[in-house]
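Chain and residue survey
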Amino acid sequence: LQQQVASLGGEPAESGSVIGAAYRGWMKVKATVSRHKAKAVLASVEKGEKEAIEEYNKALSKNLTADARQIVENQLRQMQESLGKIKGFQSVQKNQ
């Protein structure tokens, strides 16, 4: 997306949002503290994926160029696939 923004004359962000950075930091702390608590980590990852998917869906409701729309749709599809895998891991975790 950064290349797309730059090609349209915009100034791409060097990193994700402050909220995203804070969330990633929290995930690292939580993973360290809960190293043996896979359920907690998976739930947290699932929450993050769901929130990201929601933001991507919001972006798709905006007026995007065809190239930007394609990039966002591809990334959204990858996140949805990841969410499916996370749910699969959660199912396995419940059975252990």
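Residues numbered from 1 in each chain as written. Predicted model: local features only at pLDDT ≥ 70, side-chain atom pairs only at ≥ 80, totals over all residues. Heavy atoms only, no water.

1. A word on the confidence of the model for the protein chain
Detail in the predicted coordinates should be disregarded across regions flagged by low pLDDT. Of the residues in the protein chain, 84% have a pLDDT of 70 or more, and the chain-wide mean is 81. Within the protein chain, the lowest mean pLDDT, 71, falls on helix H2 (residues 18-33), and the highest, 89, falls on helix H4 (residues 66-94). (pLDDT = per-residue confidence, 0-100. Helix = DSSP H or I, 4+ residues; strand = E, 2+ residues; numbered from the N terminus.)

2. What about helix H3 (residues 38-60)?
Between the first and last C-alpha of H3 there are 33 Å, a value that for 23 residues agrees with the 33 Å anticipated at 1.5 Å per step. Taken together, the buried positions of H3 are Leu42, Ser44, Glu46, Gly48, Glu49, Ile53 and Leu60. (Expected span 1.5 Å × (residues − 1). Buried < 20%, exposed > 50% of the residue type's maximum accessible area, 1.4 Å probe, protein only.)

3. Looking at H4
Taking 1.5 Å per residue as the helical rise, H4 with its 29 residues ought to reach 42 Å, and the 42 Å between its terminal C-alpha atoms agrees with that figure. Burial in H4 covers these residues: Ala68, Val72, Leu76, Met79, Leu83, Ile86 and Gln90. As for H4, its buried residues are in contact with helix H1 (2-7) and H3. (Contact = heavy atoms within 4.5 Å.)

4. Focus on the side chain of Ser44
Within the secondary structure, Ser44 sits in helix H3. Contacts of Ser44, omitting those with residues within four sequence positions, involve Tyr23, Met27 and Lys30.

5. Things to note about the pattern of salt bridges
Tallying each qualifying case throughout the model produces four salt bridges. Here Glu55 makes a salt bridge to Lys58, at a shortest N to O gap of 3.3 Å. Separated by three residues within a single helix, Glu55 and Lys58 lie in helix H3, roughly one turn from each other. Judged by its relative accessible area of 46%, Glu55 falls in the partly exposed class. Taken together, the shared-partner salt bridges in this structure form one network comprising Glu54, Glu55 and Lys58. (Salt bridge = Lys/Arg side-chain N within 4 Å of Asp/Glu carboxyl O.)

6. A closer look at the nonpolar core
The nonpolar side chains of a soluble globular protein tend to be buried with one another. By size, the foremost hydrophobic cluster in this structure holds six residues: Ile53, Leu60, Val72, Leu76, Met79 and Leu83. The element that contributes the greatest number of residues to this core is H4, accounting for four residues. (Core = buried A, V, L, I, M, F, W, Y, C linked by side-chain atoms within 4.5 Å.)

7. Details of the environment of Glu49
For Glu49, the position within the fold is in helix H3. Along the backbone, Glu49 and Leu83 are 34 residues apart, and their C-alpha atoms lie at a distance of 6.3 Å. If we skip the residues at most four places from it in the chain, Glu49 touches Met79, Ser82, Leu83 and Ile86.

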